[in-house]
Amino acid sequence: DPGVENAFLACLADLFIMREPVAGGYVAAVPGTEVYRAPNAFEAAVVAVAVDQVGLHQESASGYRMCLEMQEPDGNWDDPKGWGHLMWGGSGFKAWAAFEHYRLTGDRKFLAQVYPRLAASSRWQEGERARTRAAAGAERPLTCGLMPRGMGDAGLMDDGDLYGVFLPHNIWAVYADRLSVEAAEILGETKDLDQLRRIYQTARADLLQAIE
């Protein structure tokens, strides 16, 4: 059907319209075309996965490289110096895009390059969750073991406040921890495996208890 084909190609072309060169030799993918051009790890991950799924693997990798490399020395992968600061789902979107690239290409070298970032992010997230566990006291609140207050966005509001404890962001953060474990298993990183499994299983248990 020519109409369907043209619509698909128009959508694919728009993904490239949503990319532009920025400093340091990077390419940034942005959420919109003419007005809303704040680069962040969320919409850019969707673009990277879509471009990967149509077989443009190099274009996908180059378009998301900046997001993957935006990580603080302490392991914070949620762009504390960028637009997505305090949005704890950023690590999950980054892990998702990286793993989709690995799954579609089988490129173990790429996964090995991303793995230290996954592991460092999981360790940092565990440190943040430990703070909410320590503050819980005898009466366990719903927020025990979750990431601390962060920014919601995308319709997530704590009453009239964009800042709060939001389950969707926590789900993405725990998903990132799961992929840290999976990467360690694939790459044979046995020295990290027990720690990463413990981080993931503890975070998952706390998240499920909060949801239930």
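Our subject is the structure listed above.
Values in this document were obtained by computation on a predicted structure and should not be read as measured data.

Here's the deal with the overall build of the chain
The number of helices and strands found in the chain is seven helices and four strands. The order of α-helices and β-strands along the chain, N terminus first, is α-β-β-α-α-α-α-β-β-α-α. For the chain, the C-alpha radius of gyration of 18 Å lies close to 17 Å, the compact-globule estimate for 212 residues. Counting only C-alpha atoms, the chain reaches 65 × 45 × 40 Å along its principal axes. For the chain, the accessible area works out to roughly 10,700 Å², and carbon and sulfur atoms hold 56% of it. In the chain, the 20 positive side-chain charges and the 30 negative ones have mean positions that sit 7 Å from each other.

Observations regarding the packing of aromatic side chains
All chains considered together, the criterion is met by seven aromatic pairs. Plain terms: the ring middles of Trp88 and Trp124 are 5.6 Å apart, the flat faces sit at 50 degrees to each other, and that makes the pair tilted. With Trp88 in the loop between helix H3 (57-69) and helix H4 (90-105) and Trp124 in helix H5 (residues 108-134), this residue pair connects regions lying 36 residues apart in the sequence. Comparing Trp88 with Trp124, the two get one shared label, buried.

Regarding the environment of Gln71
Turning to its location among the elements, Gln71 is positioned in the loop between H3 and H4. For Gln71, a relative accessible area of 17% translates into the label buried. Sequence separation between Gln71 and Gly89 is 18 residues; the distance between their C-alpha atoms is 14 Å. Once residues within four sequence positions are removed from consideration, Gln71 is found in contact with Asn76, Trp77, Arg117, Ala120 and Ser121. A distance of 3.0 Å separates a polar side-chain atom of Gln71 from the backbone oxygen of Gly75. Within polar-contact distance, the side chain of Gln71 engages the backbone oxygen of Arg117 at 3.1 Å.

What counts and what doesn't
- Residues numbered from 1 in each chain as written.
- Predicted model: local features only at pLDDT ≥ 70, side-chain atom pairs only at ≥ 80, totals over all residues.
- Heavy atoms only, no water.
- Helix = DSSP H or I, 4+ residues; strand = E, 2+ residues; numbered from the N terminus.
- Rg over C-alpha atoms; globule rule 2.2 N^0.38 Å.
- Areas by Shrake-Rupley, 256 points an atom, 1.4 Å probe, with all protein chains shown as cover.
- Lys, Arg positive; Asp, Glu negative; His and termini not counted.
- Charge placed at Lys NZ, Arg CZ, Asp CG, Glu CD.
- Phe/Tyr/Trp six-rings, centres within 6.5 Å; stacked < 30°, edge-to-face > 60°.
- Buried < 20%, exposed > 50% of the residue type's maximum accessible area, 1.4 Å probe, protein only.
- Contact = heavy atoms within 4.5 Å.
- Polar contact = N/O pair within 3.5 Å; in protein donor to acceptor, adjacent residues only side chain to side chain.

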